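Examining the three-dimensional arrangement
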Amino acid sequence: QVQLVESGGGLVQAGGSLRLSCAASGSIFSINVMGWYRQALGKERELVARFTSVGNTNYADSVKGRFTISRDNAKNTVYLQMNSLKPEDTAVYYCKADIRPITGTYYRTYWGQGTQVTVSS
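Below is a short write-up of the structure. (Residues numbered from 1 in each chain as written. Predicted model: local features only at pLDDT ≥ 70, side-chain atom pairs only at ≥ 80, totals over all residues. Heavy atoms only, no water.)

**What about the state of the cysteines?**
Scanning all chains against the criterion turns up one disulfide. Disulfide pairing is shown between Cys 22 and Cys 95; the S-S distance is 2.1 Å. Between Cys 22 and Cys 95, the disulfide has an S-S torsion of -80° and is therefore left-handed. Separated by 73 residues along the polypeptide, Cys 22 in strand S3 (residues 18–25) and Cys 95 in strand S9 (residues 91–101) bring together distant segments of the chain. As far as the burial class goes, Cys 22 and Cys 95 line up, both buried. (Disulfide = S-S within 2.5 Å. Helix = DSSP H or I, 4+ residues; strand = E, 2+ residues; numbered from the N terminus. Buried < 20%, exposed > 50% of the residue type's maximum accessible area, 1.4 Å probe, protein only.)

**Side note on the pairing of strand S11 (residues 115–120)**
Residues Thr 115, Val 117 and Val 119 of S11 are buried on one face, while the alternating residues Gln 116, Thr 118 and Ser 120, pointing to the opposite face, are not. As defined by bridge partners, strand S2 (residues 10–13) adjoins S11 across four bridges and the pair is classed as parallel. Paired with Val 12 across the bridge in S11 is Val 119. Bridge count between S9 and S11: three bridges; the pairing is antiparallel. For Ala 91, the partnering residue across the bridge sits in S11 and is Val 117. (Pairing = 2+ DSSP bridges.)

**Some remarks on unusual backbone geometry**
One non-glycine residue, Asn 76, lies in positive phi territory at about 50°. Of note, Asn 76 is situated in the loop between strand S7 (67–72) and strand S8 (77–82). On the basis of relative accessibility, which here comes to 26%, the residue Asn 76 falls in the partly exposed class. Phi is positive for Ser 84, which is not a glycine, with a value near 50°. Note on placement: Ser 84 falls in the loop between S8 and S9. Overall, Ser 84 belongs to the partly exposed group, its relative accessible area being 40%.

**Quick look at the sheet that holds strand S1 (residues 3–7)**
In space, the four strands of this open sheet follow the order S1-S3-S8-S7, with antiparallel pairing throughout. Edge positions in the open sheet fall to S1 and S7, since each of these has one partner strand only. Going from strand to strand, the sheet's axes swing by 15° on average, the running direction of each strand aside. Where S7 meets S8, six bridges bridge the pair, whose relative direction is antiparallel. Paired with Phe 67 across the two strands is Met 82, which belongs to S8. (Axes fitted to C-alpha atoms, helices over the stretch in contact; angles between N-to-C directions.)

Rendered as structure tokens:
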């Protein structure tokens with residue numbers, strides 16, 4: 001059984017910082033793409049930042065220069081450092097990863113349960 005567990009969300013004032021973590025656990029053979037998405041109330045889920053299959057990074061224009069994605073392959077963990085937070089960053093943040101289980105042949109997409117980030121003005 002493979003699962004993604006996020007942590008690090010919370011309430012912060014505008015201009016503050018938070019660091020999100022997402023750890024993949026279970027019977028994992030390998031992990032390909034890992035990244036962060038968010039969904040604000042009444043809006044569609046959107047990409048925040050991700051590692052591509054070749055290790056490059058993609059960022060949403062709205063977070064460039066403020067957010068940084070990083071990963072620790074030894075720990076199967078991806079991080080999202082969020083600085084200069086704005087009220088419009090308020091959303092539920094989800095981790096997503098393409099993982100090949102030990103018992104499987106193909107990569108499957110997994111999502112975490114989400115962590116709430118609230119930025120007050």
